[in-house]
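Chain by chain, the residues:
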Amino acid sequence: MVLADLTAGAVADAERRALTKPLADVERAALARPAARDAIAALAPSDCVRIIAEVKRASPSRGALADIPDPALQASLYEQGGASAISVLTEERRFGGSLADLEAVTARVNLPVLRKDFIATPYQVLEARAAGADLALLIVAGLPRAVLSELYALIRELGMTPLVETHSAEELEIAIDLGAELIGVNARNLQTLELDRDLFARLSDRIPDSAIRIAESAVLKPDDVTSYREAGADVVLIGEALVTGDPVATLHAFLAAGDQPVRGRKEIDT
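Quick summary incoming for the structure in this document. (Residues numbered from 1 in each chain as written. Predicted model: local features only at pLDDT ≥ 70, side-chain atom pairs only at ≥ 80, totals over all residues. Heavy atoms only, no water.)

## Notes on the environment of threonine 20
- Within the secondary structure, threonine 20 is located in helix H1 (residues 2-20).
- Among the residues examined, threonine 20 registers a relative accessible area of 72% and is labelled exposed.
- Each C-alpha atom of the pair threonine 20 and serine 61 lies 32 Å from the other, and the pair is 41 residues apart in sequence. (Helix = DSSP H or I, 4+ residues; strand = E, 2+ residues; numbered from the N terminus. Buried < 20%, exposed > 50% of the residue type's maximum accessible area, 1.4 Å probe, protein only.)

Written out as structure tokens, the structure reads:
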């Protein structure tokens, strides 16, 4: 399975890094960081869709997308274009990312930054905070329930915000039971890499108003943002369309396409 292979590779790479940077050293660096930025406030529901803009060089489903020699510059353009948060893919093998990318971005922008990776160990969570991440991704499909709960608690303990990603109604219930404030629905099935463009619309009503609803994947044009917004998305995470075109102009077009309130959505107090 694709997800299992990606997770195993990410864990193996983390274990390799731990040989030169032990857990205790990473933990000290994580605890020495200034307080994480408030992602809940940055992504709270509003009259316009929020966008998490992603620094993404490649993917298993699409192959190479963009070189991105300066990820910090790319992120600064996202900030200029109106993004509410930045996602940085740090997986090395299939996405071409690195912790160095994350460190460069967190040092450059004033927005909350997500470490997007296949996180399955406390070491990876501590790495995220040590590199300046304000959010960390947890993929329900890739983690046993006990491990998911442990990592969720650690992320919160470090002052970061977990983004809990789901791909089905069953996974969504797990995220809700966890008390997740940020719940993502990824249209890309990471087991098969197949795309289900209607998945978010089918699951959106199941997400409680206490959580921020994030639509992930299948966004290539403004109409895709409009569709997600009409289906109840508070936030849309976008990668490919931003790294393969003019990021500022594309963000402006996407934000304009999502410039309407979600009918019946109660705003979250922040």
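## Observations concerning the pattern of salt bridges
- For the structure on display, the rule yields 18 salt bridges.
- Among the salt bridges present, the one from arginine 17 reaches glutamate 92, with a minimum N-O distance of 3.0 Å. Residue arginine 17 is found in helix H1, and its partner glutamate 92 is found in the loop between strand S4 (85-89) and helix H5 (99-108); the two are separated by 75 residues along the sequence.
- The class of glutamate 92 is partly exposed, set by a relative accessible area of 33%.
- The closest approach of N and O atoms between aspartate 177 and arginine 145, which form a salt bridge, is 3.8 Å. (Salt bridge = Lys/Arg side-chain N within 4 Å of Asp/Glu carboxyl O.)

## Section: the packing of helix H10 (residues 222-230) against helix H12 (residues 247-257)
- The interhelical angle for the contact between H10 and H12, taken along N-to-C directions, is 35 degrees, at an axis separation of 8 Å. In the crossing of H10 with H12, the sense of the turn from one axis to the other is right-handed. Of the residues in H12, those touching H10 at Pro222, Val225 and Thr226 are Ala253, Phe254 and Ala257.
- Taken together, the residues of the contact of H10 with H12 sort by class into 5 nonpolar, 1 polar and no charged. (Axes fitted to C-alpha atoms, helices over the stretch in contact; angles between N-to-C directions. Left-handed = near helix turned anticlockwise from the far one by under 90°. Contact = heavy atoms within 4.5 Å. Nonpolar A, V, L, I, M, F, W, Y, C, P; charged D, E, K, R; others polar.)

## Observations concerning unusual backbone geometry
- Of note, the phi angle at isoleucine 68 is positive, near 50 degrees, even though the residue is not glycine.
- With respect to the secondary-structure elements, isoleucine 68 resides in the loop between strand S3 (63-64) and helix H4 (71-81).
- Despite not being glycine, alanine 218 shows a phi value in the positive range, around 65 degrees.
- Within the secondary structure, alanine 218 is located in the loop between strand S9 (212-216) and H10.

## Re the pairing of S4
- Within S4, 5 of the 5 residues are buried, leaving the element largely enclosed by the surrounding structure.
- Every second residue of S4 is oriented toward a common face, with Ala85, Ser87 and Leu89 on one face and Ile86 and Val88 on the other, all of them buried.
- Sheet topology places strand S1 (residues 50-55) next to S4; 4 bridges connect them, and they run parallel. Counted as the bridge partner of valine 55 is valine 88 from S4.
- Across 4 bridges, S4 lies against strand S5 (residues 113-116) in parallel orientation. Paired with leucine 89 across the two strands is lysine 116, which belongs to S5.
- Crossover connection from S4 via H5 to parallel S5: handedness right-handed. (Pairing = 2+ DSSP bridges. Right-handed = clockwise from strand over helix to strand, strands pointing away.)

## Some words on H4
- Among all positions in H4, only Pro71, Ala72, Gln74, Ala75, Ser76, Tyr78 and Gly81 are buried.
- Residues of H4 that are buried make contact with S1, S4, H5, helix H11 (240-243) and H12.
- Glycine 82 sits one or two residues past H4 and shows a positive phi near 110 degrees.

## Re the side chain of serine 168
- For serine 168, the location among the structural elements is in the loop between strand S7 (161-166) and helix H8 (169-178).
- Residue serine 168 is classed as buried on the basis of its relative accessible area of 18%.
- A polar side-chain atom of serine 168 sits 3.1 Å from the main-chain amide nitrogen of glutamate 171. (Polar contact = N/O pair within 3.5 Å; in protein donor to acceptor, adjacent residues only side chain to side chain.)

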